[in-house]
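# Architecture and fold: a report
Below, each chain spelled out in residue letters.
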Amino acid sequence: MTLVIGAFTMGLILSLLALGVLISFRILRFCDITVDGSITLGASATAVLLVSGCNPWLATLGGMGAGMIAGFATGLLHTHFKIEELLSGILVMTALYSINLRVMGRSNVPMLNSESISDWAEAMLLKSNPTEKISILGWPVPVRDLAMLLTVAALVAFIGLLLNLFLKTSIGTAVRAAGENPQMIRAQGVDNRWMQVFGLAVSNGLVGLSGAVLAQYQGFADVQMGIGMMVWGLASIIIGEALVGKSTRSTGMMICGALMGTVLFRLLIAIALRWGLDPNDLKLVTALFVFAALVLPRWAGKIGRKVFGGRGNAGA
Amino acid sequence: MLELNNVKKTFFPGTPNEVQALRGISMKLEDGCFAAIIGTNGSGKSTSLNAVAGSFMVDSGQIHLDGHDITKWPEYRRASLIGRVFQNPFAGTAAEMTIAENIVLSMRRGKTRGLGLALNRRIREEIKERIRPLNMGLETRIDNPIGTLSGGQRQALTLLMATWLRPKLLLLDEHTAALDPKSAAQVAVLTKEIIEREKLTALMVTHSMQQAVQLPHRIIMMHKGQIVEDIYGERKARVKVADLMNAFDRVRRRDLFDASVAEQVLPQFA
Ligand SMILES: Nc1ncnc2c1ncn2[C@@H]1O[C@H](COP(=O)(O)OP(=O)(O)OP(=O)(O)O)[C@@H](O)[C@H]1O
Ligand SMILES: [Mg+2]
């Protein structure tokens, strides 16, 4: 049970990251690797703020804001300094490694006794049930873990709804159109470059938020924690698309898909780890998974065409 | 009024691929005038329209529209004055967004966009009202992705979007060329209707001599980056497809003549 709760909590936290990747990769069609740095930036900024006694919600907001600045920087490099999109992300990500070390002052900030966003829920739970463990379906669950799960679930639901609303606002629709058809949105009088910068800021803000919550859940921020996170997010949204159907392009379905995809992926990983998958192999497995998810449909299309003749369109 | 003053544009200057696409274009288009641009392939028709729309900055010359010197304005800024329909029916809309979302984007062309919801019931009703006369049954499908529509339907909607807010200038670049004959005719009729009803100033590139004779008030013929014929008023009223064909023949013959003269003359200088 602890395993399931852990996987759910972790999945929900990372689904904020997946929402960020959804915006950059699917909506802006921008392959943004800043993510690997901005999740760590969100975590380290929040950790430092918390250790210095800041209110946990403010500290979380701070992590989100830091992520937004990182996305803004990547966007500017690409749109105004004409640097290739992948390289813009790599430059900012690399710079962030040093910046994160500067922010934390060392490579790792533990925050065992700091407050966190789940304290409030924990207090509520303890008031109604003054023991350290609550039983769910007969399994004893630490109050702390449950409080975190509830807080994160509420936060993710709130952010998901907010994001859905944002994508339907005047400016949100312009951002979506800029990602899909820059020529079209320019003809409607919008500078598509600023939409891209703005979209990347929102995207990395969500990633920073994910890092901020992750640090509080784990109880530490670490300069290495962002490695491979973009691919993680990618894997999650690919699973999500398999769940809700890739053809659905309604913003609500895209967001739901990303949320469900991340949680499912985390559960699968938890099971695989339980079965004896070496944690060191995790990133390799994730990368292979994304590779397979990108390539298999194309092969399937080709084989389908060979076997059945005619023009298949599975890989189009 | 649109005014071009000796506009020049060379692509890839100073390289073997150098193309002098516009060699000094000057013209005045009065308010409410609908002009067609015809000409051979590569004569600079699209480049002229792109120069006005701001797809690139011209090398020299000035462009004035509605009293503004827009020569240095970026493309998105010019869009506050200009409505545009492209040759490719997919270029003017965002395929994965719904019909309503696409249209609502054009309802704020050139205006600020904020954090208010783009669509509400009133706006949705307005959209339905204005697409019903298309008689394409689209008013019941405004929440479907626009990518699920046919090229003709998309082009009709793009035209509607370009003119939703009355533009000071409408630019049409062979906007019926990629459509099947029936849709092409439908969109051509719609174009004429909208331009006449709104008394729009418009520039339309076309390859169809038929269209050039029937639709506009004025015909501009281009060749090798220059305007070689400008037919308006009385002459336009009398012009026939055959006359345009003759005009084409004349410029072709002159080309051949130039080439053969050059062949004869060059050796003397070599
Ligand atoms: N963006 C560009 N970059 C380089 N060359 C260009 C560009 N746009 C146009 N040209 C060149 O400029 C010349 C004029 O092209 P343009 O597209 O204006 O012709 P057109 O009259 O529209 O022809 P068509 O009838 O084939 O559409 C051509 O030689 C073309 O190759
Ligand atoms: Mg052309």
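Along each chain, the written sequence defines residue order, and numbers are assigned to residues from 1. The lettering of chains begins at A and the numbering of ligands begins at 1, in the order of writing. For this predicted model, a pLDDT threshold of at least 70 governs which residues receive local features, and a threshold of 80 or more governs which side-chain atom pairs are given and counted, while totals over whole chains, interfaces and linings are taken from all residues. The basis for every side-chain value is the complete set of non-hydrogen atoms in the structure, without hydrogens or water.

## Overview of the overall build of chain B
- Helix and strand assignments follow DSSP, with helices taken as H or I runs no shorter than four residues and strands as E runs no shorter than two, numbered in order from the N terminus. When you go through chain B residue by residue, the secondary structure sums to nine helices and ten strands.
- Based on C-alpha atoms, the radius of gyration is set beside the globule rule, defined as 2.2 Å times the residue count to the power 0.38. For 270 residues, the compact-globule estimate of 2.2 N^0.38 gives 18 Å, and chain B sits close to it at 20 Å.
- C-alpha atoms of chain B, sized along the principal axes, occupy 75 × 40 × 35 Å.
- Buried positions account for 49% of the 270 residues belonging to chain B.
- Contacts were defined at the residue level, with two residues in contact if any of their heavy atoms lie within 4.5 Å. Contacts in chain B between residues far apart in sequence, at least 24 positions, make up 67% of those at least 6 positions apart.
- Here the open area of atoms and residues is found with the Shrake-Rupley method and a 1.4 Å probe, where only the protein chains shown may cover a residue. As displayed, chain B has an accessible area near 13200 Å², and 52% of this comes from carbon and sulfur atoms. Burial classification: accessible surface area is computed with a 1.4 Å probe over protein chains only, and a residue below 20% of its type maximum counts as buried, one above 50% as exposed, and the rest as partly exposed.

## Some thoughts on the confidence of the model for chain A
- Confidence of the prediction at every residue is given by pLDDT, a number between 0 and 100. Averaged over all residues, the pLDDT of chain A is 90; the fraction at 70 or higher stands at 95%.
- Contacts from residues 310-316 of chain A, a stretch scored under 50 in pLDDT, to residues over four places away or in other chains number nine contacts.

## Considering the sheet that holds strand β6 (residues 82-85) of chain B
All names here are of chain B.
- When DSSP finds two or more bridges between a pair of strands, those strands are recorded as paired. Spatial ordering of the open sheet is given by β6-β7-β8-β3-β9-β10, a layout of six strands whose pairing is mixed. Each edge of the sheet is formed by a strand with only one pairing partner; in this case those strands are β6 and β10 (226-232). Ignoring strand direction, the axes of neighbouring strands in this sheet form an average angle of 20°.
- In the sheet, β6 pairs with strand β7 (residues 169-173) via four bridges, with the strands oriented parallel. Paired with R84 across the two strands is L171, which belongs to β7.
- Where helices are involved, their axes are fitted lines through C-alpha atoms of the stretch in contact, as for all axes, and angles between N-to-C directions lie from 0 to 180°. Relative to β6, helix α5 (residues 151-164) is tilted by about 175°, and along the sheet it contacts β6 and β7.

## Focus on the site of ligand 1
Residues and elements named next belong to chain B.
- Nearness here has a simple test: a residue counts as near a molecule or strand if at least one of its heavy atoms is within 4 Å of that partner. Around ligand 1, a shell composed of 14 residues is seen, among which G42, K45, S46, T47 and H207 lie nearest.
- Whenever a nitrogen or oxygen atom comes within 3.5 Å of another N or O atom, the pair is scored as a polar contact, on the condition that within protein one atom can donate a hydrogen and the other can accept it, and that pairs from neighbouring residues in sequence are kept only if both atoms are in side chains. A distance of 2.8 Å is found between an oxygen atom of ligand 1 and a side-chain nitrogen or oxygen belonging to K45.
- Residue H207 places a side-chain N or O atom 2.9 Å away from an oxygen atom belonging to ligand 1.
- Among the secondary structure elements, those contributing two or more residues to the shell around ligand 1 are β2 (19-29) and α1 (45-53).
- Ranked by the residues each element gives to the shell around ligand 1, the list is headed by α1, at three residues.

## Notes on the interface of chain B and chain A
- On the side of chain A, 23 residues touch chain B, which itself brings 29 residues to the contact.
- For this analysis, a salt bridge means a side-chain nitrogen from Lys or Arg found within 4 Å of a carboxyl oxygen belonging to Asp or Glu. For the pair chain B and chain A, the interface holds three salt bridges.
- The salt bridge involving E96 of chain B is made with R29 of chain A; its shortest N-O contact spans 2.8 Å.
- Joining chain B to chain A, the criterion identifies twelve residue pairs in polar contact (both at pLDDT 80 or more).
- When residues in the side of chain B that touches chain A are grouped by element, the largest group, four residues, is from helix α3 (residues 99-106) of chain B.
- Each residue is assigned to one class: nonpolar for Ala, Val, Leu, Ile, Met, Phe, Trp, Tyr, Cys and Pro, charged for Asp, Glu, Lys and Arg, and polar for all the others, Gly among them. Of the residues in the side of chain B that touches chain A, the class split is 15 nonpolar, seven polar and seven charged.

## A word on empty space enclosed by the protein
- Cavity and pocket criteria rest on a 1 Å grid covering protein atoms alone: a 1.4 Å probe that fits but cannot get out defines a cavity, protein on both sides within 12 Å along at least 5 of 7 lines defines an open pocket, and an atom within 4 Å of a point defines a lining residue. Grid points are joined across faces, edges and corners, and a volume is the space filled by probe spheres set on the points. Applying the stated criterion to the full structure yields three cavities of 30 Å³ or more.
- The calculated volume of the largest cavity comes to roughly 100 Å³.
- Every residue along the wall of the largest cavity is listed here: R26, I27, R29, R176, E180, R249, T251 and M254 of chain A together with E96 and M97 of chain B.
- Residue assignment for the lining of the largest cavity shows that the elements contributing at least two residues are α1 (2-27), α7 (170-180) and α11 (251-274) of chain A.
- Here the residues of the lining of the largest cavity sort into three nonpolar, one polar and six charged.
- What the second largest cavity holds in volume is close to 80 Å³.
- Taken together, 13 residues line the second largest cavity, and the ones lying closest to its centre are L22, E241, V244, M253 and M254 of chain A.
- Elements supplying a minimum of two residues to the lining of the second largest cavity: α10 (229-244) and α11 of chain A.
- A breakdown of the residues in the lining of the second largest cavity according to their chemical character gives six nonpolar, four polar and three charged.

## Notes on helix α4 (residues 121-131) of chain B
Residue and element names in this part refer to chain B.
- When α4 is considered as a whole, its buried residues turn out to be I123, I127 and I131. One face of α4 carries all of its buried residues, which in axial projection span an arc of 60°. Of the exposed residues in α4, those oriented more than 90 degrees away from the buried face are R121 and R122.
- Looking at the buried positions of α4, the neighbouring elements they touch are α3 and α5.
- The N-cap of α4, judged by a side-chain oxygen 3.1 Å from the amide nitrogen of R122 a few residues on, is N120. Arc definition: directions from the helix axis to the C-beta atoms.

## So, the environment of L206 of chain A
All names here are of chain A.
- Note on placement: L206 falls in helix α9 (residues 192-218).
- Given the relative accessible area of 4%, L206 is considered buried.
- With 189 residues separating them in the primary sequence, L206 and L17 have C-alpha atoms 6.1 Å apart.
- Excluding residues that lie within four positions of it along the chain, L206 makes contacts with L16, L19, G20, I23, I159 and L163.

## Digging into the pattern of salt bridges
- Within the structure shown, the criterion is met by 17 salt bridges over all chains.
- We note a salt bridge from E75 of chain B to R84 of chain B, for which the minimum N-O separation is 3.1 Å.
- When its relative accessible area of 9% is taken as the criterion, E75 of chain B is described as buried.
- With a closest N to O distance of 3.1 Å, E196 of chain B and K192 of chain B form a salt bridge. Placement of both E196 of chain B and K192 of chain B in helix α6 (residues 181-198) is noted, with a separation of four residues, approximately one turn of the helix.
- Taken together, the shared-partner salt bridges connect R186 of chain A together with E75 and R84 of chain B into one network.

## Section: the domain arrangement of chain A
All names here are of chain A.
- The split of the chain into domains comes from an automatic or database domain assignment. The domains assigned to chain A are domain 1 (2-277) and domain 2 (283-316).
- Just the C-alpha atoms count here: the centres of domain 1 and domain 2 sit 29 Å apart.
- With both chains or domains summed, domain 1 and domain 2 bury close to 690 Å², and 87% of this area falls on carbon and sulfur atoms.
- Inspection of the domain 1/domain 2 interface yields one residue pair in polar contact (both at pLDDT 80 or more).
- It is α10 that provides the largest number of residues to the side of domain 1 that touches domain 2, a total of six residues.
- Class assignment for the residues of the side of domain 1 that touches domain 2 results in nine nonpolar, one polar and no charged. The buried area of a pairing is the accessible area, by a 1.4 Å probe, that goes missing from both parts when the two are put together, added over both.

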